[in-house]
Amino acid sequence: MKNKSSFVQKSHFKIYDAIIPMFRLITTVILMVLMIHYRKTTLNWNFSFIVVYLIYGMILLAFPKLRILIVWKYPIIIGLCETLMLSYGLSITGGFDSILYFSYIFIIVFFGIVHKVINLFIVTIFIGACYFGIAIFDGGLTFYAMFRLLFLFALAIFIGLIYGKTNDYSAKLLEQDQLTGLYNRQYFFSVLEDYIKDTSKEKKQFLLFMIDVNDFKKINDTFGHLEGDKILCDVAYLLKQEIGTSGIVARYGGDEFVILIADKNSIDATPIKEQLQDTIKEFFSNRISLSIGYASFPMNGTDSQVLFQLADEEMYKEKIKHKTTS
């Protein structure tokens, strides 16, 4: 199943991808200015460092696919590379007093906003080790250097905590139906595609249920939309309680719901369907009923659209039967 935070992380990609080349350009300019200030612009290892750093930035700028690969598949590589190069820049532009210290903060904020918290802490520990080494090499770990070091770790922890909570909340917004609290249609489709891939590999099967609340328009017209919303929330709660941890329940749209139940062994849909209908009728004292259609994977198909169509057709037949008998 997909990582719930993956949608959120990818939503930051365009910002991240745009800032990387800009960060490289600004840092290079600062390095060159500092080199001039410290009179280290002669053709030596220090000047060569600027050239290497500039080439590194130009390669990432010129090859978007390489940049994307590093950013999303191997983010730690870019973090460690940036840290190593900036640490060398610090060592030749004033040591732990160098203005490039603020580039460390930039990297930490970068990783905190875009990547997983674990990556943020790995990069921060590496930054701390590099800065600690610079301070020791530059004459000892003074109180000022220690304060700056502690600030880096405090910033990483703060960003990690804030981003962790924000990321969880954002992920919920992206996958949750705001009225009922169930999963929404978009997230359900993504989970369904994952199930199809997984079940194909492991020879499992699952049932897809399409559910419609009968005469819901009449309920809205008679009692109002607030009462209709309350009924939808109650139906959603009851469906979720009945399915429990054996499946996933989502709001498909309007008064329609979808359920996915997977198992290694064969699943009989009829008892599940009857249990859901009985639960709703009992709770609402027969005032509310459901029309339910279902399709089985792989018996009825191996494509999500085909399964949805079959389940929807079965549900529609149930609705016609309900209208003719009521």
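To start, this report covers the structure provided alongside it. Please read these numbers as outputs of a predicted model, since none were measured by experiment.

The full count for this structure, using the stated rule, is six salt bridges. The partner of Asp-177 in a salt bridge is Arg-251, and the shortest N-O contact between them spans 3.4 Å. Remark: Arg-251 occurs in strand β2 (residues 247–253) and Asp-177 occurs in the loop between α8 (143–175) and α9 (185–202); sequence separation between them is 74 residues. By relative accessible area, which is 13% here, Asp-177 ends up buried. With a shortest N-O distance of 3.0 Å, Lys-217 and Asp-221 are connected by a salt bridge. Taken as a pair, Lys-217 and Asp-221 lie in helix α10 (residues 216–223) at a separation of four residues, close to a single helical turn.

Spatial strand order, β2-β3-β1-β4: four strands in an open sheet with antiparallel pairing. Of all the strands in the sheet, just β2 and β4 (290–297) have a single pairing partner and so form its edges. Ignoring which end each strand starts from, the neighbouring axes of this sheet average 20° apart. Relative to β4, strand β1 (residues 205–213) is paired through eight bridges, and the arrangement is antiparallel.

Generally speaking, soluble globular proteins have nonpolar side chains that are buried together. Core analysis: the biggest nonpolar cluster contains 25 residues, and Ile-211, Val-235, Leu-239, Phe-257 and Ile-259 have the highest contact counts within it. Looking at this core, the elements that each hand over two or more residues are β1, α10, α11 (225–243), β3 (256–263), α12 (269–283) and β4. Of all the elements, α11 adds the most residues to this core, at seven residues. Each residue touching Leu-239, except ones within four places of it in the same chain, is listed here: Ile-211, Val-249, Phe-257, Ile-259, Leu-276 and Leu-290.

Summarising the element assignment, Val-117 is placed in helix α7 (residues 117–137). A relative accessible area of 30% places Val-117 in the partly exposed class. A sequence separation of 39 residues divides Val-117 from Ala-156, and the C-alpha atoms of the two residues are 9.0 Å apart.

Across all of its chains, the model carries eight aromatic pairs by this definition. Ring centres 4.9 Å apart and planes at 80° place the aromatic pair Phe-283 and Phe-284 in the edge-to-face group. A relative accessible area of 47% places Phe-283 in the partly exposed class. The exposure class assigned to Phe-284 is buried, which follows from its relative accessible area of 3%.

Taking 1.5 Å per residue as the helical rise, α11 with its 19 residues ought to reach 27 Å, and the 27 Å between its terminal C-alpha atoms agrees with that figure. Considered for burial, the residues of α11 that qualify are Gly-228, Ile-231, Leu-232, Asp-234, Val-235, Ala-236, Leu-238, Leu-239 and Ile-243. Turning to α11, the residues buried within the fold contact β1, α10, β2, β3, α12 and β4.

Let us look at a nonpolar patch on the surface. Residues Ile-55, Ile-59 and Phe-63 make up a contiguous nonpolar surface patch of roughly 280 Å² in combined accessible area. Among the secondary structure elements, Ile-55 is positioned in helix α3 (residues 45–62). Judged by its relative accessible area of 44%, Ile-55 falls in the partly exposed class.

The first and last C-alpha atoms of helix α13 (residues 304–325) sit 32 Å apart over 22 residues, in line with the 32 Å expected at 1.5 Å per residue. Buried residues of α13: Ser-304, Leu-307, Phe-308, Ala-311, Met-315, Glu-318, Lys-319 and His-322, and no others. One side of α13 holds all its buried residues, which, seen down the axis, span an arc of 105°. The exposed residues of α13 that point more than 90 degrees off its buried face are Gln-305, Tyr-316, Lys-317, Lys-321 and Thr-324. Of the residues that open α13, the one with a side-chain oxygen 3.0 Å from the backbone nitrogen of Gln-305 is Asp-303.

Among the secondary structure elements, Leu-149 is positioned in helix α8. Classification of Leu-149 as buried rests on a relative accessible area of 9%. On a C-alpha basis, the gap between Leu-149 and Ala-135 in space is 9.6 Å, while along the polypeptide they are 14 residues apart. Look past the residues within four positions of Leu-149 in its chain and what remains in contact with it is Gly-128, Tyr-131 and Phe-132.

Quick notes on the rules
Residues numbered from 1 in each chain as written. Predicted model: local features only at pLDDT ≥ 70, side-chain atom pairs only at ≥ 80, totals over all residues. Heavy atoms only, no water. Salt bridge = Lys/Arg side-chain N within 4 Å of Asp/Glu carboxyl O. Helix = DSSP H or I, 4+ residues; strand = E, 2+ residues; numbered from the N terminus. Buried < 20%, exposed > 50% of the residue type's maximum accessible area, 1.4 Å probe, protein only. Pairing = 2+ DSSP bridges. Axes fitted to C-alpha atoms, helices over the stretch in contact; angles between N-to-C directions. Core = buried A, V, L, I, M, F, W, Y, C linked by side-chain atoms within 4.5 Å. Contact = heavy atoms within 4.5 Å. Phe/Tyr/Trp six-rings, centres within 6.5 Å; stacked < 30°, edge-to-face > 60°. Expected span 1.5 Å × (residues − 1). Patch = residues over 30% accessible without salt bridge, like charges linked within 9 Å, V, L, I, M, F, W, Y side chains within 5 Å. Areas by Shrake-Rupley, 256 points an atom, 1.4 Å probe, with all protein chains shown as cover. Arc of directions from axis to C-beta. Polar contact = N/O pair within 3.5 Å; in protein donor to acceptor, adjacent residues only side chain to side chain.

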